[in-house]
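Next come the chains, spelled out residue by residue.
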Amino acid sequence: MEQEEDGKQICLWAYELGIVHPVTKEEMNFKCLPQKIGSWKILEDVEVF
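Computed from a predicted model, the values in this text were never measured in an experiment.

Here is what the cut-offs are and how they apply
- Residues numbered from 1 in each chain as written.
- Predicted model: local features only at pLDDT ≥ 70, side-chain atom pairs only at ≥ 80, totals over all residues.
- Heavy atoms only, no water.
- Pairing = 2+ DSSP bridges.
- Helix = DSSP H or I, 4+ residues; strand = E, 2+ residues; numbered from the N terminus.
- Patch = residues over 30% accessible without salt bridge, like charges linked within 9 Å, V, L, I, M, F, W, Y side chains within 5 Å.
- Areas by Shrake-Rupley, 256 points an atom, 1.4 Å probe, with all protein chains shown as cover.
- Salt bridge = Lys/Arg side-chain N within 4 Å of Asp/Glu carboxyl O.

Take the pairing of strand 1 (residues 16–20) next. Residues in a regular strand project their side chains so that they alternate between the two faces of the sheet. The pairing of strand 1 with strand 2 (residues 27–31) spans five bridges and is classified as antiparallel. Its bridge partner lying in strand 2, Glu16 is registered against Lys31. A loop of six residues connects strand 1 with strand 2, the two strands running antiparallel in sequence, and Lys25 in this loop sits at a positive phi of about 65°.

Right, here's the structure in full:
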């Protein structure tokens, strides 16, 4: 696989993940944004509630 040039990385991130606990059947949700460095600087003005 070839190395990409700086500034041309692919940004993939799961902002929210939801699962059902296999034993308790409780719905579990997790939310998280990546650190706002490198390619992720485009998210500097994004707020998560």
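For the rest of this paragraph, the subject is unusual backbone geometry. One non-glycine residue, Lys25, adopts positive backbone phi at about 65°. One can find Lys25 in the loop between strand 1 and strand 2.

On the surface, Leu17, Ile19 and Phe30 cluster together into a nonpolar patch covering about 280 Å² of accessible area. Summarising the element assignment, Leu17 is placed in strand 1.

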